[in-house]
Amino acid sequence: MIDYEFIKARSLKEALDFLGNYEDVKAIAGGTDLIVDIRKENVRAKGFKRLLDISGLKELEFIEKERDRVVLGALLTHTSLIESPIIEQHFPLLASAAKTIGSPQIRNRGTIGGNINNASPAADLLPPLIALKAQVKLCSVRGERTMSLEEFLAGPYKTNRQSDELMTEVHIPLVNEDYLGNFQKIGRRKAMNIARLNLAILLGINDGTIFDPRVVPGAATAYPIRFGKVEEAISGKDIKDIDPVEIGELASEEMISFTGVRWSTPYKRVALASLVKRALESIFQEAKVDE
Amino acid sequence: MSKIEVNITVNGAKHRLEVGPKERLIDTLRERLHLTGTKEGCGVGECGACTVILDGEAVHSCLILTAQVDGSEVLTVEGLEVDGRLHPLQEAFIQHHAIQCGFCTPGMLMSAKALLDKNPNPTREEIKTAIEGNLCRCTGYEQIIEAIESAANELQAASH
């Protein structure tokens with residue numbers, strides 16, 4: 001039995017004070033992952049005695065465009081990401097990933113902060129956010145700190161958040177029009193699927209030449225990371241000289257270099273190669289149309 | 001375990017409740033308020049049978065703690081009927097044979113209602129997206145989509 005006391009935070013300050021006073025606190029927002037874990041008595045949901053409900057903190061539900069970045073409140077739901085004209089205009093990669101999450105019911109409750117902090121290897125927002133070089137802001141009564149999402153993730157379902165910290169914001173640097181992205185995902189059915197594999201690719205393309213490539217598969221490794229060998233192989237190359245099939249196979253090799261051969265490898269080797277091929281083809285197509 | 005005071009409006013009626021920290025919205029609706037139209041299928045947010053409308057949005061009532069929704073408004077399938085008259089969506093589900101066993105129907109209706117409240121003139125694709133989280137093992141969905149299209153047309157006609 002998982003037993004806990006329920007506390008509703010009325011303000012961010014109240015939430016941070018509470019997190020500062022007790023060590024055995026779990027924060028709940030949309031609850032779409034956590035309530036399932038509590039019901040199933042999943043070990044991930046054990047070890048807390050107090051459940052801090054932050055779902056009512058309206059001050060963490062905003063999207064603000066600044067000079068060189070967009071600041072997102074951690075409690076934005078997937079639906080609000082999809083419906084935001086700012087996200088649609090600047091980060092279509094993120095919007096297309098958010099659209100694939102769960103179902104309307106899940107997207108109406110689940111939040112960007114929850115998706116990041118649950119840190120599932122299959123989380124759909126992690127690959128695009130890593131590809132976009134997102135930063136996360138953590139607040140506590142001790143102060144605040146900001147770090148890259150890549151640094152924040154520490155393993156499957158593990159982050160570098162301290163027990164008294166709450167993620168309040170996600171910062172995404174603006175990218176110029178040279179950057180084109182694509183999100184791919186496969187699961188057991190179209191709706192409600194937890195990704196068997198997903199993938200975000202963001203490429204700078206100038207005059208047909210790729211610069212600053214960012215290739216981030218999800219559910220391929222213990223937690224989503226950039227695939228440096230793949231990025232190296234396409235960086236500085238003309239898109240006409242790149243064979244998407246070959247790069248797909250390279251991505252699968254890189255995955256196996258991290259994970260070793262596992263029970264799922266015969267499937268994932270072929271599937272990841274295919275996702276990478278599709279993503280590259282789609283971006284190259286868009287680049288040609290833009291010319 | 002300490003009790004939490006929660007004020008919620010369900011189908012227009014106000015309730016002041018004392019709930020436990022683990023009580024889910026579906027438990028409150030079914031066990032306390034005896035609104036058993038809302039069904040529990042999977043209990044983990046996969047099937048959509050428990051869908052209700054919370055402050056205008058379709059949600060899984062099995063994935064929300066009642067303690068979280070203090071001050072909210074909930075609409076369940078029982079709230080669709082007005083003065084003994086079925087909602088046009090309900091009529092359309094009957095007309096189009098969009099029901100067989102009926103277990104998914106309350107959730108389907110609430111997903112459809114949430115869609116039409118926001119988007120009175122949805123495309124077929126938008127209807128499919130709106131019900132993508134609702135499983136039906138009987139009808140094959142076609143009749144349900146037709147029923148929602150037909151109810152949308154009727155509601156549109158009625159508003160002109």
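What you see is a predicted model; the values in this text were computed from it and never measured.

Procedures and definitions
- Residues numbered from 1 in each chain as written.
- Chains lettered and ligands numbered in written order.
- Predicted model: local features only at pLDDT ≥ 70, side-chain atom pairs only at ≥ 80, totals over all residues.
- Heavy atoms only, no water.
- Domains from an automatic or database assignment.
- Contact = heavy atoms within 4.5 Å.
- Buried area = accessible area lost by both parts, 1.4 Å probe.
- Salt bridge = Lys/Arg side-chain N within 4 Å of Asp/Glu carboxyl O.
- Polar contact = N/O pair within 3.5 Å; in protein donor to acceptor, adjacent residues only side chain to side chain.
- Helix = DSSP H or I, 4+ residues; strand = E, 2+ residues; numbered from the N terminus.
- Core = buried A, V, L, I, M, F, W, Y, C linked by side-chain atoms within 4.5 Å.
- Buried < 20%, exposed > 50% of the residue type's maximum accessible area, 1.4 Å probe, protein only.
- Pairing = 2+ DSSP bridges.
- Axes fitted to C-alpha atoms, helices over the stretch in contact; angles between N-to-C directions.
- Parallel < 35°, antiparallel > 145°, perpendicular 65-115°, else oblique.
- Left-handed = near helix turned anticlockwise from the far one by under 90°.
- Nonpolar A, V, L, I, M, F, W, Y, C, P; charged D, E, K, R; others polar.
- Phe/Tyr/Trp six-rings, centres within 6.5 Å; stacked < 30°, edge-to-face > 60°.

Chemist: Go over the domain arrangement of chain B, please, and point to the residues and values.
Modeler: Residues and elements named next belong to chain B. Structurally, chain B comprises domain 1 (4–79) and domain 2 (88–159). Summarising the inter-unit geometry, the C-alpha centres of domain 1 and domain 2 are found 21 Å apart. Each partner contributes residues to the interface: domain 1 has 17 residues there, and domain 2 has 13 residues. Summed over the three residues of domain 1 that lose the most area to domain 2, namely Thr 51, Ile 53 and Val 77, the buried surface amounts to 36% of that side. For the interface between domain 1 and domain 2, the tally reads one salt bridge. Measuring nitrogen to oxygen at the nearest pair gives 2.9 Å for the salt bridge that ties Glu 57 to Lys 118. Inspection of the domain 1/domain 2 interface yields four residue pairs in polar contact (both at pLDDT 80 or more). Put simply, the parts of the chain that give the side of domain 1 that touches domain 2 at least two residues each are strand E3 (51–54) and strand E4 (57–60).

Chemist: So what's going on with the nonpolar core? Residues and values would help.
Modeler: Residue and element names in this part refer to chain A. By size, the foremost hydrophobic cluster in this structure holds 73 residues, and its most contacted members are Leu 72, Ile 116 and Leu 129. For Ile 116, the residues in contact, after removing those within four places along its chain, are Leu 126, Leu 129, Val 136, Leu 149, Phe 152, Leu 153, Thr 159, Met 167 and Val 170. Membership of the second largest hydrophobic core comes to 27 residues, among which are Leu 197, Ile 247, Leu 280 and Ile 283.

Chemist: Can you break down the sheet that holds strand E11 (residues 179–186) of chain A residue by residue, with the values?
Modeler: Residue and element names in this part refer to chain A. Across the sheet, three strands lie side by side as E11-E12-E13; this open sheet has antiparallel pairing. Two strands lie at the open edges of the sheet, namely E11 and strand E13 (209–218), each paired on one side alone. Sheet twist, expressed as the average angle between the axes of neighbouring strands with direction ignored, equals 10°. Pairing of strand E12 (residues 197–206) with E13, which is carried by eight bridges, proceeds in the antiparallel orientation. Counterpart to Gly 204 in the pairing with E13 is Phe 211. Along the sheet, helix H5 (residues 92–99) makes contact with E11 and E12, crossing E11 at roughly 15°.

Chemist: Quick rundown of the packing of helix H11 (residues 244–259) of chain A against helix H12 (residues 265–290) of chain A? Include the residues and the values.
Modeler: Residue and element names in this part refer to chain A. Look at H11 against H12: their axes get within 8 Å of each other, and the N-to-C directions meet at 140°. In this view, H11 runs oblique relative to H12, as classed from their interaxial angle. Seen from above, H11 lies across H12 with right-handed handedness. Together, Pro 244, Val 245, Ile 247, Gly 248, Glu 249, Ala 251, Ser 252, Met 255 and Ile 256 of H11 and Thr 265, Lys 268, Arg 269, Leu 272, Ala 273, Val 276, Lys 277, Leu 280, Glu 281 and Phe 284 of H12 make up the contact between the two elements. The class makeup of the residues in the contact of H11 with H12 is eleven nonpolar, three polar and five charged.

Chemist: Which residues make up the packing of helix H3 (residues 105–118) of chain B against helix H5 (residues 142–159) of chain B, and what are the values?
Modeler: The packing of two helices is summarised by the inter-axis angle and the distance between the axes. Residues and elements named next belong to chain B. Interaxial distance between H3 and H5 falls to 11 Å at its minimum, and their mutual angle equals 40°. In this view, H3 runs oblique relative to H5, as classed from their interaxial angle. Two packed elements cross with a definite hand, and for H3 against H5 that hand is right-handed. Taken together, the residues of H5 that come into contact with H3 (itself represented by Met 108, Ala 112 and Leu 116) are Ile 144, Ile 148, Ala 152 and Leu 155. Taken together, the residues that form the contact of H3 with H5 break down as seven nonpolar, no polar and no charged.

Chemist: Pulling in residues and values, what's your account of the packing of aromatic side chains?
Modeler: Residues and elements named next belong to chain A. Applying the stated rule across the entire model yields four aromatic pairs over all chains. Centre to centre, the rings of Phe 18 and Tyr 22 are 4.8 Å apart; their planes meet at 45°, and the pair counts as tilted. Take Phe 18: its relative accessible area is 15%, and that puts it in the buried class. With a centroid separation of 5.4 Å and an interplanar angle of 55°, the aromatic rings of Phe 227 and Phe 258 are classed as tilted.

Chemist: Describe the pairing of strand E5 (residues 69–73) of chain A, listing the residues and the values that go with them.
Modeler: Residue and element names in this part refer to chain A. Of all five residues that make up E5, four are buried, and the element is covered over most of its length. Across three bridges, the pairing between strand E4 (residues 63–65) and E5 is antiparallel. Bridge pairing in E5 places Glu 64 opposite Val 71. Pairing geometry for E5 and strand E10 (residues 166–173), over five bridges, is antiparallel. Counted as the bridge partner of Val 71 is His 171 from E10.

Chemist: Describe the interface of chain B and chain A, naming the residues involved and giving the relevant values.
Modeler: Contacts between chain B and chain A engage 31 residues on the former and 31 residues on the latter. Of the roughly 2,500 Å² buried at the junction of chain B and chain A (both faces included), carbon and sulfur atoms supply 55%. Looking at the side of chain B facing chain A, the largest losses of area belong to Lys 22, Gln 68 and Glu 132 of chain B, adding up to 26% of the total buried there. Across the contact surface, chain B and chain A share three salt bridges. Counting the contacts that link chain B with chain A gives eleven residue pairs in polar contact (both at pLDDT 80 or more). Here the side of chain B that touches chain A is composed, by residue class, of 14 nonpolar, ten polar and seven charged.

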